[in-house]
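# An overview of the molecular structure
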Amino acid sequence: MRISFCCTDTKAQPWLEGLRAAFPGAEVEVWSAGAAPADYAVVWAPPQQFIDEQTQLKGIFNIGAGVDALLKLRLPPGVPVVRLDDAGMSVQMAEYVCHAVIRHFREFDGYEADARQGKWSYRKPRLRTDFPVGVMGLGVLGARVSRALAQFDFPVAGWSRSAKAIDGVKCFSGQAGFNDFLAASRILVCLLPLTPDTDNILCRDTLARLRPGGYVINVARGSHLVDEDLMALIDSGHLAGATLDVFRTEPLPAAHPFWTHPSITVTPHTSARTLREESIAQIAGKIAALQRGEAVAGVVDPARGY
Ligand code: NAP
Ligand code: GLV
């Protein structure tokens, strides 16, 4: 068996070692133009040339959950594209989002600023019922995040394409449920995949429908958010602020106003990192299953876009 590794911005050697350990008889190499045809590809944002040259693939494994970059390419029909299916990401995402929600709700930034001035001052306790959280996307990550938030007794609403039932979460679905979902939310968390339907979904129209004093947490993709609309709604006072982990251009350009906005927290696309060992174990298990002719979970539907 031959496995070709073609991952932008990723240190290859530890991946090669892990995959070789999982398949001792296999040839596992970093792809270069003109390389021999491989059976399986392990990729992150590969060039079109890789796909065009590798004409004998039996499976393409994406080392992330989001496949928006991969689906921009012309992919061979019938070859399964497999995304990472949690592999240690959902717990990271739950930590990140709960941290951002609690930091905002409990006004920890204000306490930190007070402490820096040696000031011992209480803020009036706020009611959780005044801070309902809406989670857009109830897939592998969104479902875990909504359950984690519900554990802290926040009222939690969730929105997905198909109808769901999650304990402690009021679930809405489809376009028909979108308005009621937004009206039920004050803090909005985006965990949607980036598709033509969800591009620019965090725009003036959507964000204006959040309860007053709304707060936005975008941990999915930068292109979900219309940057100027977010800034305008914060500056007008309708939104209280935002925590943003993902951006249209990454790294976020030095001159971007998000960096210095007092109500916006920026992190460098780090809310749920690909964990190498867990990911290799998952991919190796799925390659072995495909070799045995078995079905695997996490196969992307290119027509749906995720
Ligand atoms: P997933 O399991 O595919 O879940 C996607 C969810 O979004 C599903 O509930 C799906 O509905 C819903 N959805 C898709 N299109 C929709 C639409 N048009 N309207 C309403 N709901 C829609 O994906 P995941 O593993 O949870 O990951 C979500 C995204 O997080 C990834 O695509 C990636 O972009 C991002 N991500 C970011 C980081 C980071 O570090 N910032 C890390 C990992 C992932 P159904 O359930 O009905 O299909
Ligand atoms: C990271 O953003 C991922 O999609 O896994």
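Please read all numbers here as calculations on a predicted model, not as lab measurements.

One finds Val 42 and Leu 149 to be the most contacted residues of the largest nonpolar core, which totals 54 residues. Both domains that meet at this core, namely domain 1 (2-87 + 274-291) and domain 2 (89-266), each give it at least three residues.

Our next topic: unusual backbone geometry. Residues other than glycine predominantly adopt negative phi, and peptide bonds predominantly adopt the trans conformation. A cis amide bond links Glu 250 to the next residue, Pro 251, at an omega of -5 degrees. By the element assignment, Pro 251 lies in the loop between β11 (239-244) and β12 (264-266). The phi dihedral of Glu 107 falls on the positive side, at around 60 degrees, and the residue is not glycine. One can find Glu 107 in the loop between α3 (89-105) and α4 (108-116). Unusually for a residue other than glycine, Asp 153 sits at a positive phi of about 70 degrees. Residue position: Asp 153 is located in the loop between α5 (140-151) and β7 (156-160).

So, about the site of ligand 2. Residues in contact with ligand 2, as listed here, are Trp 44, Gly 64, Ala 65, Gly 66, Met 89, Arg 221 and His 269. At 2.8 Å, a backbone N or O of Gly 66 approaches an oxygen atom of ligand 2. Within the side chain of Arg 221, one N or O atom sits 2.8 Å away from an oxygen atom of ligand 2. Coverage of ligand 2 by the protein chains reaches 85% of its 190 Å² of free accessible surface. Looking at side-chain class alone, the shell around ligand 2 contains 3 nonpolar, 3 polar and 1 charged residues.

Looking at the assigned domains, one finds that the protein chain contains domain 1 (2-87 + 274-291) and domain 2 (89-266). Here the C-alpha centre of domain 2 lies 32 Å away from the C-alpha centre of domain 1. Note on domain 1 versus domain 2: buried area summed over both sides is about 750 Å², and carbon and sulfur give 50% of it. At the boundary of domain 1 with domain 2, the tally comes to 1 salt bridge. With a closest N to O distance of 3.0 Å, Asp 68 and Arg 221 form a salt bridge. For the pair domain 1 and domain 2, the number of links is 3 residue pairs in polar contact (both at pLDDT 80 or more).

In contact at an axis separation of 10 Å, helix α1 (residues 12-22) and helix α9 (residues 276-291) are set at 40 degrees when each is read in the N-to-C sense. One way to sum up the angle between α1 and α9 is to call them oblique. Along this stretch, α1 crosses α9, giving a crossing that reads as right-handed. Across the interface between the two elements, Pro 14, Trp 15, Gly 18, Leu 19 and Ala 22 of α1 pack against Arg 276, Ser 279, Ile 280, Ile 283 and Ala 284 of α9. Here the contact of α1 with α9 is built from residues that sort into 7 nonpolar, 2 polar and 1 charged.

Okay, the side chain of Arg 186 next. For Arg 186, the location among the structural elements is in the loop between α6 (174-183) and β9 (187-190). Buried within the structure, Arg 186 lacks any salt-bridge partner; Asp 130 is the closest side chain of opposite charge, at an N-O distance of 5.5 Å. A polar atom in the side chain of Arg 186 sits 2.9 Å from the backbone oxygen of Asp 130. For Arg 186, the side chain forms a polar contact with the main-chain oxygen of Gly 213, separated by 3.1 Å. Every residue in contact with Arg 186, bar those within four places of it in the chain, is listed here: Asp 130, Phe 131, Pro 132, Leu 210, Arg 211, Pro 212, Gly 213, Gly 214 and Tyr 215.

Take the pairing of β7 next. On a regular strand, each side chain points to the face opposite its neighbour's, so the side chains alternate between the two faces of the sheet. In terms of burial, β7 is a largely internal element, 5 of the 5 residues being buried. Inspection of the sheet shows strand β6 (residues 133-136) paired to β7 by 4 bridges, in the parallel sense. Paired with Val 133 across the two strands is Val 156, which belongs to β7. Handedness of the crossover joining β6 and β7 through α5: right-handed. In the sheet, β7 pairs with strand β8 (residues 169-173) via 5 bridges, with the strands oriented parallel.

Analysis parameters
- Residues numbered from 1 in each chain as written.
- Chains lettered and ligands numbered in written order.
- Predicted model: local features only at pLDDT ≥ 70, side-chain atom pairs only at ≥ 80, totals over all residues.
- Heavy atoms only, no water.
- Core = buried A, V, L, I, M, F, W, Y, C linked by side-chain atoms within 4.5 Å.
- Buried < 20%, exposed > 50% of the residue type's maximum accessible area, 1.4 Å probe, protein only.
- Domains from an automatic or database assignment.
- Helix = DSSP H or I, 4+ residues; strand = E, 2+ residues; numbered from the N terminus.
- Near = heavy atom within 4 Å.
- Polar contact = N/O pair within 3.5 Å; in protein donor to acceptor, adjacent residues only side chain to side chain.
- Areas by Shrake-Rupley, 256 points an atom, 1.4 Å probe, with all protein chains shown as cover.
- Nonpolar A, V, L, I, M, F, W, Y, C, P; charged D, E, K, R; others polar.
- Buried area = accessible area lost by both parts, 1.4 Å probe.
- Salt bridge = Lys/Arg side-chain N within 4 Å of Asp/Glu carboxyl O.
- Axes fitted to C-alpha atoms, helices over the stretch in contact; angles between N-to-C directions.
- Parallel < 35°, antiparallel > 145°, perpendicular 65-115°, else oblique.
- Left-handed = near helix turned anticlockwise from the far one by under 90°.
- Contact = heavy atoms within 4.5 Å.
- Lys, Arg positive; Asp, Glu negative; His and termini not counted.
- Pairing = 2+ DSSP bridges.
- Right-handed = clockwise from strand over helix to strand, strands pointing away.

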